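# Close look at the chain arrangement
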Amino acid sequence: MDGLSKTLVAINIILVILLALFWHRCNEILLNSDKWLQCHDNNHHGNRCHGDALVPRDPAVTDTTVLQGGSSVWCKGDNNTDRNCHFHNLCFAPSSNSFLFLHGADTIITGVPDDRYSPALLDLSSVPNHNTQYFHYTDVPVDGLYHFKKVVTYRGVHFVFNRFNPSNLMHVLHDDLLPVFHTLLQLGLFNLETRKSSARLVFLEGWHEGEYFDMYEWMSRERPLLKDALVEHADDVLVCFEDVFLGLSKQTTWYQYGFDEPQGPLANSKATATEIRVFTNAFLQSLNMSIGNQQDHQLRGQSQIPKGQSKVKGQNQACLFTRESNRLILNEADVISTIAQVSGLTTVKISLDDLLSTLYPNMEGTNPNMEEANPNMEEVNPNLDKTKPNMGDPHFDTELSSNLYKNSLSMLLQNIQKCKLVVGMHGSLLALIMFLLPGSAVIELYPYAVNPDHYTPYKTLANLPGMQITYKAWRNNIPENTVTHPYASPEKGGILHLSLQEQQRIMGSNEVPQHLCCSDPEWLYRIYQDTIVDIPSFHATLLSAIEIQNNLDNIQSGSFKTKAIPGAVQNSQCKRTTINDVFGIKLSWQPPWNLQFFTNIDQKYEVWIQVIGQGDYKAWILEMTEYVFTEGLDGKSNYRVWVRCLVGDKVGPFTSVHPC
């Protein structure tokens, strides 16, 4: 074989090898594509897939040409407290700790006011007009991209907000979880049927994960992003979001914390049981928990059931919410005995440690925020390891952690849903009464000198329209039954840092004056007291609550009845008539078609009669659907007639005008 032939053979061999490698790589890509598609189908809303499947990693370094068109924004709302905005290509610059809006050829700006700094474009928290919660962005020409060496982009939809106080359960539920959930619903980013979110949550406030971090994750497409993940990049890196929504709904909030005036219920709260229970039901279902049969809630009041037997299916116990490190009930055994004796129910204890142990099961890796948030938390359960799994550890089994969290938290909430009666000292654990079934009762205990009328987040929650939760407050009025802690740190009620005169004034006071948030020393001194509950007065409060509870009638789930707006009346007819030489107008109609679907409603009808050609009219309110009107009418005039239905304070539409 000559040299040329050998060369051709070698070339053919090389071509065959290259073709084989190319064919193998094509098959590999197709196979991985199929795996990714299968994984994507099994994990709705773009959840990340693992294994051999191709995974569109996020974030990814992108060429700046992706952003050359610039940013865009669409906003709705009249001011920063009710405005929400949708941004495309919104960027974050760690070097300046600010968001950048890139002005380019494709930039669209809709709904952004000219004075967007008065005081802000929108609030990043549901707590309105708090100056630490304002969102601003900085305008930059798209050419400013060249200032950065690298651009990191987070693909897909994101929802950005600030957790207000992630170490306090009341704040977590009231300020964060409820508003975020209903905002996602309003924006079409959460599917109630599948209980899946199409948005990834981003926390911008700068806190670490905190004790309740896992309670947010079910509303996020992927594990939520912390601000640390954005600022960990070098100063010459720009972090961008493909699509991001900002601005929280205030529809579900019911309480203000006293920043501008003493704390109390929100004056114009729109929250009802419907919003609360749509959230709690979705949350329970995310834990694979069944929710109470709504028909069971209507059993109360239909028959007299002996005291101590639940009128709501599944409720068979009383629960004492306890604290383990401060604000203690010093005679818990006496309180439990009284509850069991008066209610006839088995009484169980539930503490904040029970909840934290569900969120932080025994796993390797410490949680640095636990002690920071609860410096005085004592270990009362030797088997409780206050730890949190290290989610960044490649050897950590995220799925196992998720299952442990879901199973343990669901057991705790199932236990709470069995409570016909809850008793607890004032504190954030009482926020869990939102998971109680209608027909339950709550007794909130207050330490000495703390007026129950001045601190009412849980009373307000229990009394929201449609909640159907009986609420009573008990207050310690016996100074000898309290144990104060003047030597504690100031944030835990200590007063040694104050002047001797001020210390004596506080210790001699029998009621904390109303005050602003958040560090009033007299309030802290009294709220961190421990209490011996006076059993005779507690017994009387307990009897009163149970009596009210047993007298509740026609309990219904939610508050849909109060929102029912009647439709137009049907088949209205108008005839001129004369009875005993008296002229009249005979008007008849049928009730609105939709009233047949509602029970126990009080409907009335409003009739307007006007002389044609005149501006004024006469009005009547009637309960019947047929009537002959004679007052002030004469046979020489022609009339226009309108009829509409009234249900409570809800007003239906007028019928079309009837000439008569």
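Numbering of residues starts from 1 in every chain and runs along the sequence as written. Confidence filtering applies because this is a predicted model: local features only for residues at pLDDT of at least 70, side-chain atom pairs given and counted only at 80 or more, and all residues used for totals across whole chains, interfaces and linings. Heavy atoms from the whole structure form the basis of all side-chain values; hydrogens and water molecules are not counted.

A few words now on the overall build of the protein. On a plain count of helices and strands, the protein comes out with 14 helices and 31 strands. Looking at the protein as a whole, 49% of its 660 residues qualify as buried. In this description, accessible areas are obtained by the Shrake-Rupley approach with a 1.4 Å probe, and a residue is regarded as covered only by the protein chains that are shown. Counting every atom, the protein has about 31,700 Å² of accessible surface; 51% of that belongs to carbon and sulfur. Per the convention used, a helix needs a DSSP run of H or I reaching at least four residues, while a strand needs a run of E reaching at least two, with both numbered from the N terminus. Under the scheme applied here, a residue whose accessible area is under 20% of the maximum for its type counts as buried, over 50% as exposed, and between as partly exposed, the area being computed with a 1.4 Å probe on protein chains only.

The pairing test for Phe, Tyr and Trp rings, Trp by its six-membered ring, is centres within 6.5 Å, and the orientation test on the planes gives stacked under 30 degrees, edge-to-face over 60, and tilted for anything in between. Using the criterion set out here, one finds 30 aromatic pairs in the structure. Ring geometry for Tyr-455 versus Trp-523: centroids 4.3 Å apart, planes at 20°, classification stacked. Of this pair, Tyr-455 sits in the loop between β20 (441-446) and α10 (457-462) while Trp-523 sits in helix α12 (residues 521-527), and the two are 68 residues apart along the sequence. In this pair, the class of Tyr-455 matches that of Trp-523, namely buried. By way of ring pairs, the aromatic residues Phe-87, Phe-92, Phe-99, Phe-101, Phe-135 and Tyr-137 are connected into one cluster. The aromatic ring of Tyr-137 is capped on one face by Arg-116, whose charged end is 3.9 Å from the ring centroid. By definition here, charges over rings are those cases where NZ of Lys or CZ of Arg is within 6 Å of the ring centre and within 35 degrees of the ring normal. Directly above the aromatic system of Tyr-528 lies the positively charged group of Arg-327, at a separation of 5.2 Å from the ring centroid.

Quick look at the sheet that holds strand β25 (residues 582-590) now. Note: strands within a sheet are paired through backbone hydrogen bonds, in either parallel or antiparallel orientation. Paired strands, in this sense, are two strands between which DSSP finds at least two bridges. Spatially, β24-β25-β28 is the arrangement adopted by the 3 strands of the open sheet, whose pairing is antiparallel. Two strands bound the open sheet, and with one partner strand each, they are β24 (570-579) and β28 (626-629). Shown here is a sheet whose adjacent strand axes are inclined to one another by a mean of 20°, direction ignored. Of the strand pairs in this sheet, β24 and β25 are connected by 8 bridges, and their pairing is antiparallel. Bridge pairing in β25 places Thr-578 opposite Phe-583. Under this scheme, a helix contributes an axis fitted over its contacting stretch, all axes are lines through C-alpha atoms, and angles between N-to-C directions fall in the 0 to 180 degree range.

By definition, disulfides here are pairs of cysteine sulfur atoms that lie within 2.5 Å. Within the structure shown, the criterion is met by 5 disulfides. Linked covalently through their sulfurs, Cys-517 and Cys-518 form a disulfide whose S-S length is 1.5 Å. In this structure, the disulfide formed by Cys-517 and Cys-518 twists by about 95° around the S-S bond and is classed as right-handed. A relative accessible area of 47% means that Cys-518 is categorised as partly exposed. Residue pairing for Cys-574: its cysteine sulfur links by disulfide to Cys-660, the two sulfurs lying 2.1 Å apart. One disulfide, between Cys-574 and Cys-660, carries an S-S torsion of -105° and so falls in the left-handed class. Taken together, the positions of Cys-574 in strand β24 and Cys-660 in the segment after β31 (658-659) put the pair 86 residues apart, joining distant regions of the chain. Of the two residues, Cys-574 and Cys-660, both sit in the buried class.

Here we come to the packing of helix α2 (residues 169-186) against helix α5 (residues 273-286). Taken N-terminus to C-terminus, the directions of α2 and α5 make an angle of 90°; their axes are 10 Å apart at the nearest point. As summarised for this structure, α2 and α5 are arranged roughly perpendicular, according to the angle between their axes. Facing Leu-173, Leu-177, Leu-178, Phe-181, His-182 and Leu-185 of α2, the residues of α5 in contact are Glu-275, Ile-276, Val-278, Phe-279 and Ala-282. For the contact of α2 with α5, the per-class residue count stands at 9 nonpolar, 1 polar and 1 charged. Just so you know how the angles are binned, under 35 degrees is roughly parallel, over 145 roughly antiparallel, 65 to 115 roughly perpendicular, and the rest oblique. Working rule for contacts: check all heavy atoms of both residues, and any pair within 4.5 Å makes them a contact. The residue classification treats Ala, Val, Leu, Ile, Met, Phe, Trp, Tyr, Cys and Pro as nonpolar and Asp, Glu, Lys and Arg as charged. All others, Gly included, are polar.

Take Val-643: it is sitting in strand β29 (residues 639-647). Along the sequence, Val-643 and Tyr-605 sit 38 residues apart, while their C-alpha atoms lie 6.8 Å from each other. Those residues in contact with Val-643, other than ones at most four positions away along the chain, are Val-569, Leu-587, Trp-589, Glu-606, Val-607, Pro-653, Phe-654 and Thr-655.

A few words now on the confidence of the model for the protein. Confidence of the predictor at the level of single residues is given by pLDDT, which spans 0 to 100. Across the protein, pLDDT averages 82, with 76% of residues at or above 70. In the predicted structure, residues 293-312 sits below a pLDDT of 50 and forms 45 contacts with residues beyond four places in sequence or in another chain. In this model, residues 362-402 is a region of pLDDT below 50 whose contacts with residues beyond four sequence positions or in other chains number 65 contacts.

A few words now on helix α6 (residues 332-343). To estimate how far a helix should extend, the number of its residues minus one is multiplied by 1.5 Å. With 12 residues, α6 should reach 16 Å at 1.5 Å per residue; the first-to-last C-alpha distance of 16 Å fits that figure. The set of residues buried in α6 consists of Glu-332, Val-335, Thr-338, Ile-339, Val-342 and Ser-343. One face of α6 carries all of its buried residues, which in axial projection span an arc of 130°. Exposed positions of α6 whose direction lies more than 90 degrees from the buried face are Ala-333 and Gln-341. Next to the buried residues of α6 lie β17 (317-322), β18 (346-351), β19 (419-425) and α13 (535-550). Picture the helix axis, draw a direction to every C-beta atom, and the arc is the one those directions span.

Ordered in space as β18-β17-β19-β20-β21, the 5 strands form an open sheet in which the pairing is parallel. Each having just a single partner strand, β18 and β21 (470-475) make up the two edges of the open sheet. The sheet shows a mean angle of 20° between the axes of neighbouring strands, direction not considered. Of the pairings in the sheet, the one linking β17 to β19 comprises 5 bridges and is parallel in character. In the strand pairing of β19, Ala-318 is matched with Leu-421. Against the sheet, α6 contacts β17, β18 and β19, and its axis sits at roughly 160° relative to β17.

For this document, the term salt bridge refers to a Lys or Arg side-chain nitrogen within 4 Å of an Asp or Glu carboxyl oxygen. Applying the stated criterion to the full structure yields 15 salt bridges. Residues Glu-205 and Arg-163 are paired through a salt bridge, measuring 2.7 Å at the closest nitrogen-oxygen approach. Residue Glu-205 is located in the loop between β12 (199-203) and α3 (214-217), and its partner Arg-163 is located in the loop between β9 (150-161) and α2; the two are separated by 42 residues in the primary sequence. Across the pair Arg-221 and Glu-222 runs a salt bridge whose closest N-O atoms are separated by 3.5 Å. Exposure class is identical for Arg-221 and Glu-222. Each is buried. Here the salt bridges do not stand alone but share partners, grouping Glu-209, Asp-214, Glu-217 and Arg-223 into one network.

Packing of α6 against α13 brings their axes to within 10 Å, and their N-to-C directions diverge by 35°. Every pair of crossing elements has a handedness; the one defined by α6 and α13 is right-handed. Residues Asp-334, Val-335, Thr-338, Ile-339, Val-342 and Ser-343 of α6 pack against Ile-535, Phe-538, His-539, Leu-542, Leu-543 and Ile-546 of α13. Class assignment for the residues of the contact of α6 with α13 results in 8 nonpolar, 3 polar and 1 charged. By the definition used in this description, the sense in which the near helix is turned from the far one sets the handedness, with an anticlockwise turn below a right angle giving left-handed and a clockwise turn giving right-handed.

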